[in-house]
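Remarks on the overall topology
One-letter residues, chain by chain:
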Amino acid sequence: MESAEKATAVLRAGGPADAVFVTDLARTAFSDYGEYDRVLPRWLGTRGVATVVAEEGGAPAGFAMLGMRTGLHLGRADAELLAVAVAARARRRGIGRALVREVIAIAERWRVRGVRLHTADTNLVAQRLFAGEGFLAEASRRGFYPNGQGAVAMRRAVERRRRARR
Ligand SMILES: CC(C)(COP(=O)(O)OP(=O)(O)OC[C@H]1O[C@@H](n2cnc3c(N)ncnc32)[C@H](O)[C@@H]1OP(=O)(O)O)[C@@H](O)C(=O)NCCC(=O)NCCS
């Protein structure tokens, strides 16, 4: 059977005006793990965090957040994919993958060495999405989430962008 129709989502930068959407989706997607519906909206528009929102028909359908820890680094640092979620009604149509790819493009612009992430060790759907975009499992972290679940740490190297020649 032909897989579900491909999404016609438009990606845009997210910001504080997306707080209600991010709160609601974080509640349904992540409440088993901890109070991410409180934490994630606070990061909207925070320095060092980039948010990408996917819209379908003018309504938000998903988001991803990439963060950069501030501080001094010896050499180039890694960025962290803090969260990616797609509304249940819009899943399986390529929006999650588009969000992950956009986050990787942002990481390239930030000139970081790689992107790290954690996802629940039972979340095989997410692990499959990330593996398909080049992330490799690096470690298991027992009790990683506030509610006690374990996580798998994954990482993907980021291509070094050449500066455009003038
Ligand atoms: C994980 C999530 C973001 C995927 O979003 P999505 O828009 O449905 O994903 P896509 O349609 O882009 O699918 C990309 C790949 O993910 C995998 N995948 C997605 N849904 C899947 C499912 N139900 N079963 C198996 N694999 C699945 C597949 O490898 C898929 O590639 P394919 O379509 O070529 O088989 C979404 O399921 C979600 O929001 N889950 C809850 C939050 C979460 O777990 N976030 C990740 C941890 S931070």
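Quick summary incoming for the structure in this document. Model, not experiment: these values are computed from the prediction. (Residues numbered from 1 in each chain as written. Predicted model: local features only at pLDDT ≥ 70, side-chain atom pairs only at ≥ 80, totals over all residues.)

**Quick notes on the overall build of the chain**
- Counting its regular elements, the chain contains four helices and seven strands.
- Overall, the chain shows an N-to-C arrangement of helices and strands of β-α-α-β-β-β-α-β-α-β-β.
- In the chain, buried positions account for 30% of the 166 residues.
- Counting only contacts in the chain whose residues sit at least 6 apart along the sequence, the fraction spanning at least 24 positions is 64%. (Helix = DSSP H or I, 4+ residues; strand = E, 2+ residues; numbered from the N terminus. Buried ≥ 20, exposed ≤ 12 C-beta atoms within 10 Å, placed from the backbone. Contact = placed C-beta atoms within 7 Å.)

**Focus on the nonpolar core**
- Ranked by size, the top nonpolar core spans 41 residues in total, and within it Ala64, Leu66, Leu99, Val103 and Ala107 carry the most contacts.
- Contributions of two or more residues to this core are made by helix 1 (19–30), helix 2 (36–43), strand 2 (49–56), strand 3 (59–67), strand 4 (78–86), helix 3 (95–110), strand 5 (114–120) and strand 7 (151–157).
- No other element matches the eight residues that helix 3 contributes to this core.
- The residues touching Ala64, leaving out its near neighbours within four places in the chain, are Val52, Leu81, Ala83, Val84, Leu99, Val100, Glu102 and Val103. (Core = buried A, V, L, I, M, F, W, Y, C linked by C-beta atoms within 7 Å.)

**As for unusual backbone geometry**
- Although it is not a glycine, Arg92 adopts a positive phi angle of roughly 65°.
- Take Arg92: it is sitting in the loop between strand 4 and helix 3.
- The backbone phi angle of Arg111 is positive, close to 60°, even though this residue is not glycine.
- Judged by C-beta crowding, with 12 C-beta atoms within 10 Å, Arg111 ranks as exposed.

**Quick notes on the site of the ligand**
- Arg91, Gly96, Arg97, Ala126 and Leu129 are the nearest of the 19 residues found near the ligand.
- Put simply, the parts of the chain that give the shell around the ligand at least two residues each are strand 4, helix 3 and helix 4 (124–132).
- When residues in the shell around the ligand are grouped by element, the largest group, five residues, is from helix 4.
- When the residues that make up the shell around the ligand are grouped by side-chain class, the tally is nine nonpolar, five polar and five charged. (Near = placed C-beta within 6 Å. Nonpolar A, V, L, I, M, F, W, Y, C, P; charged D, E, K, R; others polar.)

**Details of the packing of helix 1 against helix 2**
- Orientation of helix 1 relative to helix 2, taken along the N-to-C sense of each, is 145°, at an axis distance of 8 Å. Of the two possible hands of crossing, helix 1 and helix 2 adopt the one that is right-handed. Where helix 1 abuts helix 2, its residues Ala19, Val22, Thr23, Ala26, Arg27 and Phe30 lie against Tyr36, Asp37, Leu40 and Pro41.
- Split into classes, the residues belonging to the contact of helix 1 with helix 2 amount to seven nonpolar, one polar and two charged. (Axes fitted to C-alpha atoms, helices over the stretch in contact; angles between N-to-C directions. Left-handed = near helix turned anticlockwise from the far one by under 90°.)

**Notes on the pairing of strand 4**
- Extensive coverage of strand 4 is indicated by the burial of seven of its nine residues.
- Judged from the six bridges that link them, strand 3 and strand 4 form a sheet pairing that is antiparallel. In the strand pairing of strand 4, Met65 is matched with Ala83.
- Where strand 4 meets strand 5, four bridges bridge the pair, whose relative direction is parallel. Counted as the bridge partner of Asp78 is Gly114 from strand 5.
- In the classification by handedness, the crossover that spans strand 4, the intervening helix 3 and the parallel strand 5 is right-handed. (Pairing = 2+ DSSP bridges. Right-handed = clockwise from strand over helix to strand, strands pointing away.)

**Quick word on the environment of Leu66**
- Summarising the element assignment, Leu66 is placed in strand 3.
- For the pair formed by Leu66 and Leu82, sequence separation is 16 residues and the distance between their alpha carbons is 5.6 Å.
- Residues in contact with Leu66, not counting those within four places in the same chain, are Ala50, Ala79, Leu81, Leu82, Val103, Ile106 and Ala107.

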